[in-house]
Amino acid sequence: MGGKPVKCPHCESANCVKNGKANGKQTYLCKECFYRFTINATKRKYSFKIRKKAINLYKEGYTLTEISKTLNIKIQTIHHWVKKYRYLRNEKKI
């Protein structure tokens, strides 16, 4: 790792080891809490407007694949949103 020790962003332990690569970036594994992370990772966040649009398309009967292609968002992300907002299923639109 050379130089500065890597700290886990989850538990702040310095007991971390290299653990392969993801998207061309080095990943690390915390040996204390088993959290896998990359240094200076940025999460891609979607606005509530985009989430709302995806959920409404799903409620209108579009498949996850169709929504994914329309909004250029991974199917797994949309599936997660559908599960997360399942309590709103009774509503026509959010």
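Above this note sits the structure.
Okay, so let's go over this structure. (Residues numbered from 1 in each chain as written. Predicted model: local features only at pLDDT ≥ 70, side-chain atom pairs only at ≥ 80, totals over all residues. Heavy atoms only, no water.)

Let us now look at helix H2 (residues 64-71). Those residues of H2 lying buried are Leu64, Ile67, Ser68 and Leu71. Down the axis of H2, the sector holding all buried residues measures 100°, keeping them to one side. Opposite the buried face of H2, by more than 90 degrees, sit the exposed residues Lys69 and Thr70. Structurally, H2 contributes buried residues whose contacts are with helix H1 (48-59) and helix H3 (75-84). (Buried < 20%, exposed > 50% of the residue type's maximum accessible area, 1.4 Å probe, protein only. Helix = DSSP H or I, 4+ residues; strand = E, 2+ residues; numbered from the N terminus. Arc of directions from axis to C-beta. Contact = heavy atoms within 4.5 Å.)

Let us now look at the pairing of strand S2 (residues 25-30). Summarising the sheet, strand S1 (residues 16-22) and S2 pair through five bridges and their orientation is antiparallel. Within S2, the residue paired with Val17 across the bridge is Leu29. In sequence, S1 turns back onto S2 through a hairpin of two residues, with Asn23 there showing a positive phi of about 55°. Pairing analysis gives three bridges linking S2 to strand S3 (residues 36-38), with the strands arranged antiparallel. Within the sheet, the bridge partner assigned to Leu29 lies in S3 and is Arg36. Counting the residues in the hairpin turn of S2 and S3 gives five residues, including Phe34, whose phi is positive at 65°. (Pairing = 2+ DSSP bridges.)

Where H1 contacts H3, the two axes come as close as 10 Å, and the packing angle between them is 80°. It follows from the interaxial angle that H1 and H3 lie roughly perpendicular. Across from Ile50, Arg51, Ala54, Ile55 and Tyr58 in H1, the residues of H3 making contact are Trp81, Val82 and Lys84. Classifying every residue of the contact of H1 with H3 by side-chain character gives six nonpolar, no polar and two charged. (Axes fitted to C-alpha atoms, helices over the stretch in contact; angles between N-to-C directions. Parallel < 35°, antiparallel > 145°, perpendicular 65-115°, else oblique. Nonpolar A, V, L, I, M, F, W, Y, C, P; charged D, E, K, R; others polar.)

So, on to the state of the cysteines. In total, this model carries zero disulfides according to the counting rule given. Here Cys11 stays free of any disulfide, with the sulfur of Cys30 as its closest cysteine sulfur at 3.6 Å. What makes Cys11 partly exposed here is its relative accessible area of 35%. With no disulfide partner, Cys16 has as its closest neighbouring cysteine sulfur the one in Cys30, 4.5 Å distant. (Disulfide = S-S within 2.5 Å.)

A few words now on the sheet that holds S1. Picture the strands of a sheet paired through backbone hydrogen bonds; they go either parallel or antiparallel. Judged by pairing direction, the sheet is antiparallel, and its three strands sit side by side in the order S1-S2-S3 without closing on themselves. Sheet topology places S1 and S3 at the edges, where each strand pairs with a single neighbour. Averaged over all pairs of adjacent strands, the angle between strand axes in this sheet comes to 35°, irrespective of strand direction.

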